[in-house]
Amino acid sequence: MNLVGTQKVLVADDDTVNRQVLAELLKPEYTVLLAKNGEQALERATRHLPDLILLDVMMPDMDGYQVLRSLRADEQTANIAVIFISGLGRPEDEAIGLKMGAADYIAKPFNETVVMARVAMQLQMVRQRRMLEHLAHVDGLTELANRRRFDEVYETEWQRSRRNGRPLSLALLDIDSFKQYNDHYGHPAGDRALRAVARAVSAGLRRPADLAARYGGEEVVLLMPDTEAAQAQQVVSAICCAIAALQIQHEASSVAPMLTVSAGGATLSGAGKESCSELFAAADTLLYQAKKEGRNRVLWRAAAPELQTQAGAHS
Ligand SMILES: Nc1nc2c(ncn2[C@@H]2O[C@H](COP(=O)(O)OP(=O)(O)OP(=O)(O)O)[C@@H](O)[C@H]2O)c(=O)[nH]1
């Protein structure tokens, strides 16, 4: 997510001079993209996902209103801020643009200082909105995704898996004897350990579509779209080994002298019929079983029973 760094502005105008003037004006502060008609504006918007579009209203073939409608209809571009910049200077024209969802309206001939001020204001609002969205999706302590974010992504990925007949793997990972850890080393040390576990989990997930979220206190959920059981189990086992390899001392643990985790996982095969909650419950049951069988292990529910292994090698 682009929370820092140069923001991108797309200028869409069929008039070459206008495009050039705006580009020269904006270039010192922003990355500028140019489009000479509505079709190009849509193509550039989808490909580059700019932070803001300065959109001429009157263009041949596809006018600015049509471009805005198409942007709003596509989930990817629906929230891009748009400022109309137009020779139609009547208040009614401005009102139409704003009612359609434009963030602002600038009449031509434009004043350069005013354009810069309005662009800066819109881009500041874009930054603030992104920051709020980011904060709403992230767990403050671990910086993993939070449960709300997980719920959203899980539902989407589950539907995608059903649609495409591709597997979906899910694992629940829980720190062993964490109550004793807190009791022995104190809550701030517990928080530090949780953060270290979260970092190891994030480092162990390689694919862009994978998601790790803090599900509860010391429980992390891992979602691996398009990943078969054996592969997913390998990833989770490697993460569990990496956590043990951190050698976070845990004298009060009944399992090992260092902090360990247990995990339960399940995979929805491409042809599987399970609901979201059934898949989740299957992983949860195996986590419970892993705890019961002595902790510090990964259990996976898969078609082949031989896939169930103990990750106790690192204890
Ligand atoms: N430091 C810290 N501790 C937390 C946080 N969230 C949950 N915990 C602690 O995690 C502990 C979880 O304890 P239990 O559910 O009994 O599990 P456990 O001691 O890990 O035992 P097993 O899971 O059976 O191995 C509780 O003591 C919680 O207070 C947190 O954000 N920070």
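Residues numbered from 1 in each chain as written. Predicted model: local features only at pLDDT ≥ 70, side-chain atom pairs only at ≥ 80, totals over all residues.

Residues in close proximity to the ligand total 17 residues, the closest being D176, F178, K179, G190 and G217. Going through the elements one at a time, β6 (168-175), α7 (178-185) and α8 (187-204) are the ones with two or more residues in the shell around the ligand. Taken together, the residues that form the shell around the ligand break down as 4 nonpolar, 6 polar and 7 charged. (Near = placed C-beta within 6 Å. Helix = DSSP H or I, 4+ residues; strand = E, 2+ residues; numbered from the N terminus. Nonpolar A, V, L, I, M, F, W, Y, C, P; charged D, E, K, R; others polar.)

On to the UniProt feature "domain: Response regulatory" (unreviewed entry) in the protein chain, then. Per the UniProt record, "domain: Response regulatory" (unreviewed entry) is annotated on residues 8-123. The straight-line gap between the two end C-alpha atoms of residues 8-123 is 9 Å; of that span, 46% is helix and 22% is strand. (UniProt positions renumbered as here; feature names shortened; annotations may be inferred.)

The next subject is the pairing of strand β9 (residues 261-268). Burial runs high along β9: 8 of the 8 residues are buried. Residues V261, A263, G265 and T267 of β9 are buried on one face, and the alternating residues S262, G264, A266 and L268, pointing to the opposite face, are buried as well. Bridge count for β6 against β9 is 8 bridges, and the pairing is antiparallel. What sits directly across from A171, in β9, is G265. The pairing of β9 with strand β10 (residues 298-301) spans 4 bridges and is classified as parallel. Across the sheet, A263 pairs through a bridge with V298, a residue of β10. Between the parallel pair β9 and β10, the chain is carried across by helix α10 (residues 276-292), and the sense of this crossover is left-handed. (Buried ≥ 20, exposed ≤ 12 C-beta atoms within 10 Å, placed from the backbone. Pairing = 2+ DSSP bridges. Right-handed = clockwise from strand over helix to strand, strands pointing away.)

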